[in-house]
Amino acid sequence: MLRRASTARNFPVLEKVAGGRRNAERGQDKRAIGVVLLEWSLMVAGYYILYLSVNGIVTMMDPVKKDRGAGVQTKEALGKKADRSEIARLDLSPYERIIANEVLDAEQLEGGFDTIGGLEQQKREIFELAVLPLKRPDLFNKRGKLLGSPKGILFYGAPGTGKTMLAKAIARESGAAFINLRMSTLTNKYFGESNKLVSAVFSLANKLAPTIIFIDEIESFLRVRGRGDDAPWISLKAEFMTLWDGILTESAVPIMVLGASNRPYDLDPAILRRLPRQFEIPLPDPKQRAEILRLLLKEEHVDYESVKLGALAAETEGYSGSDLKELCRAAVMMPVRDVMYLPAGGSLTALDVDGLQAEHLRQVTMEDLRNAMKRVKPTGHAAQDYERRESAHAEHTAHISPAFMNTALSLLLQSLVQGHVPQVPGAAHGQAGGDGRSNGRSV
Ligand SMILES: Nc1ncnc2c1ncn2[C@@H]1O[C@H](COP(=O)(O)OP(=O)(O)OP(=O)(O)O)[C@@H](O)[C@H]1O
Ligand SMILES: [Mg+2]
């Protein structure tokens, strides 16, 4: 080695060759390090892209992502909504936050029992049965197990009779949180998500207790189970019933399911058992109609010299509370119409709507209310009239029976094959139907 070094020193050419070799080796080392670094960076970038893609896919497939976004805001607003500050501090799961969107604002609960006209008997019973135990669960639970609120109440009756109003009034009077449960909130296209949402309904109700879970048109969700029901729907209902049973046994938790229905006979008997207290909310009688009219017109500009609510109530047989509201709405529009009356050929845009002042409007008179009655008929009347007209029309045009059509078609085919037009039996006399046989005679 020593000899080789001294030899190289003695021979400058050799020394040059050795130096070049060293340089080449150094260059190779640098290149190798560069390759390793490049491989490492490519690997890190690959992992990062993989992470981003997986994360993106997972986020894309997260079925509650969108709703959760809305839920975050709700959590802050929830305490204010339910008018109970402690709720804002609750820890809610993503699913509970989605259901929290369905909690009605205290303001959305409108008036209490005194804004509901008539239904005195129902209001009294409901107050004792639902409002008091929700308001003072402590008081009721101390005195045995029977003295508590029922876990389910059903309001049934004609449309527009005040069922939803009653449910809201219970929440308002008792201070309970009101979950207005819509089926569209529970139905999620992702497998298993609906069941998680159903379970969130009850867990949220538990956290917000006292709580009312209100299901309007309950028969559309919990109707008699039929063969047409698909598996996820059956599983959703089963989950709902099981959780409901859970609150039935937990008598100390003030949670109540309130259902409202126009078609109680369509309800599953198993559901009816869980709604042990059922109240019929009928169409108002004349006395109740007078009371509803009084409440509806309370803040309106009415000429009580001419308006006699008793007489009007007697004339509005068959009107529901909601029909009476529409009637009053139509009547209070009449003074507005008077001011905005368009002369023949006048244009709508030429009207001085901005210049119109409330004090320019005259009072509502009995004549306005009677005119409004001509426009607003009791619910279903217009539909029934239409149905009557339609069936009369159908009877009139029902001269062509299926048997007659069969005969006509077969004869038409025959004529196409034979090249002549045969006579349809009975057609000559304008009769409906036929015996299905051809007499074979041509016209
Ligand atoms: N008894 C009542 N007193 C005062 N207003 C009433 C009464 N019943 C109905 N109304 C009026 O009719 C409106 C509709 O009532 P509500 O929604 O409670 O009817 P409903 O029985 O729930 O009808 P549906 O069966 O169609 O859901 C109310 O907002 C209210 O203005
Ligand atoms: Mg309703």
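Residues numbered from 1 in each chain as written. Chains lettered and ligands numbered in written order. Predicted model: local features only at pLDDT ≥ 70, side-chain atom pairs only at ≥ 80, totals over all residues. Heavy atoms only, no water.

- An unreviewed UniProt entry lists the protein chain under the name AAA+ ATPase domain-containing protein, with Nannochloropsis salina CCMP1776 given as the organism.
- Recorded under Subcellular location (unreviewed entry), the UniProt text for the protein chain is reproduced unchanged: "Mitochondrion outer membrane". (UniProt positions renumbered as here; feature names shortened; annotations may be inferred.)

## Looking at the packing of aromatic side chains
So, point 1. Summed over the entire model, instances satisfying the criterion amount to 6 aromatic pairs.
So, point 2. These aromatic residues form a ring-pair network of at least three members: F202, F240 and W244. (Phe/Tyr/Trp six-rings, centres within 6.5 Å; stacked < 30°, edge-to-face > 60°.)

## Overview of the nonpolar core
So, point 1. Grouped together as the largest cluster of nonpolar side chains are 38 residues, with contacts concentrated most on L186, F240 and W244.
So, point 2. Of all hydrophobic cores here, the second largest spans 26 residues; its members include L109, L134, F178 and F279. (Core = buried A, V, L, I, M, F, W, Y, C linked by side-chain atoms within 4.5 Å. Buried < 20%, exposed > 50% of the residue type's maximum accessible area, 1.4 Å probe, protein only.)

## Observations concerning the confidence of the model for the protein chain
So, point 1. Predicted confidence across the protein chain gives a mean pLDDT of 77, with 67% of residues reaching 70 or more.
So, point 2. Per-element averaging of pLDDT across the protein chain places helix 1 (residues 2–10) at the bottom with 54 and helix 13 (residues 286–296) at the top with 94.
So, point 3. In the model, residues 424–443 has pLDDT below 50 throughout and makes 34 contacts with residues more than four positions away in sequence or in other chains. (pLDDT = per-residue confidence, 0-100. Helix = DSSP H or I, 4+ residues; strand = E, 2+ residues; numbered from the N terminus. Contact = heavy atoms within 4.5 Å.)

## Points about the site of ligand 1
So, point 1. The environment of ligand 1 is made up of 15 residues, and the closest members are G117, G160, K163, T164 and N262.
So, point 2. At a separation of 2.8 Å, a nitrogen atom of ligand 1 approaches a polar backbone atom of G117.
So, point 3. N262 places a polar side-chain atom, nitrogen or oxygen, 2.9 Å from an oxygen atom of ligand 1.
So, point 4. Surface burial for ligand 1 is 82%, taken as the share of its 630 Å² of free accessible area covered by protein chains.
So, point 5. The set of elements that each furnish at least two residues to the shell around ligand 1 consists of helix 7 (163–174) and helix 15 (321–339).
So, point 6. No fewer than three residues from each of domain 2 (66–280) and domain 3 (286–342 + 356–384) sit in the shell around ligand 1. (Near = heavy atom within 4 Å. Polar contact = N/O pair within 3.5 Å; in protein donor to acceptor, adjacent residues only side chain to side chain. Areas by Shrake-Rupley, 256 points an atom, 1.4 Å probe, with all protein chains shown as cover. Domains from an automatic or database assignment.)

## Remarks on the pairing of strand 1 (residues 152–156)
In the case of a regular strand, side chains alternate between the two sheet surfaces.
So, point 1. With 4 of 5 residues buried, strand 1 is to be regarded as a mostly interior element.
So, point 2. Across 5 bridges, strand 1 lies against strand 4 (residues 255–261) in parallel orientation. Following the sheet pairing, F155 is matched in strand 4 by A260.
So, point 3. Where strand 1 lies against strand 5 (residues 277–280), 4 bridges are found, and the strand directions are parallel. Counterpart to I153 in the pairing with strand 5 is R277. (Pairing = 2+ DSSP bridges.)

## Structural notes on the UniProt feature "transmembrane region" (unreviewed entry) in the protein chain
So, point 1. Per the UniProt record, "transmembrane region" (unreviewed entry) is found at residues 32–51.
So, point 2. Regarding residues 32–51, the helix share stands at 100% and the strand share at 0%, and the terminal C-alpha atoms are separated by 29 Å.

## Quick word on the packing of helix 13 against helix 15
So, point 1. Helix 15 packs onto helix 13 with a crossing angle of 45 degrees between their chain directions and a minimal axis gap of 10 Å. It follows from the interaxial angle that helix 13 and helix 15 lie oblique. You can see that helix 13 and helix 15 cross each other, and the crossing is right-handed. Along the contact surface, helix 13 presents R289, I292, L293 and L296, while helix 15 presents G321, L324, K325 and C328.
So, point 2. Of the residues belonging to the contact of helix 13 with helix 15, the class tally is 5 nonpolar, 1 polar and 2 charged. (Axes fitted to C-alpha atoms, helices over the stretch in contact; angles between N-to-C directions. Parallel < 35°, antiparallel > 145°, perpendicular 65-115°, else oblique. Left-handed = near helix turned anticlockwise from the far one by under 90°. Nonpolar A, V, L, I, M, F, W, Y, C, P; charged D, E, K, R; others polar.)

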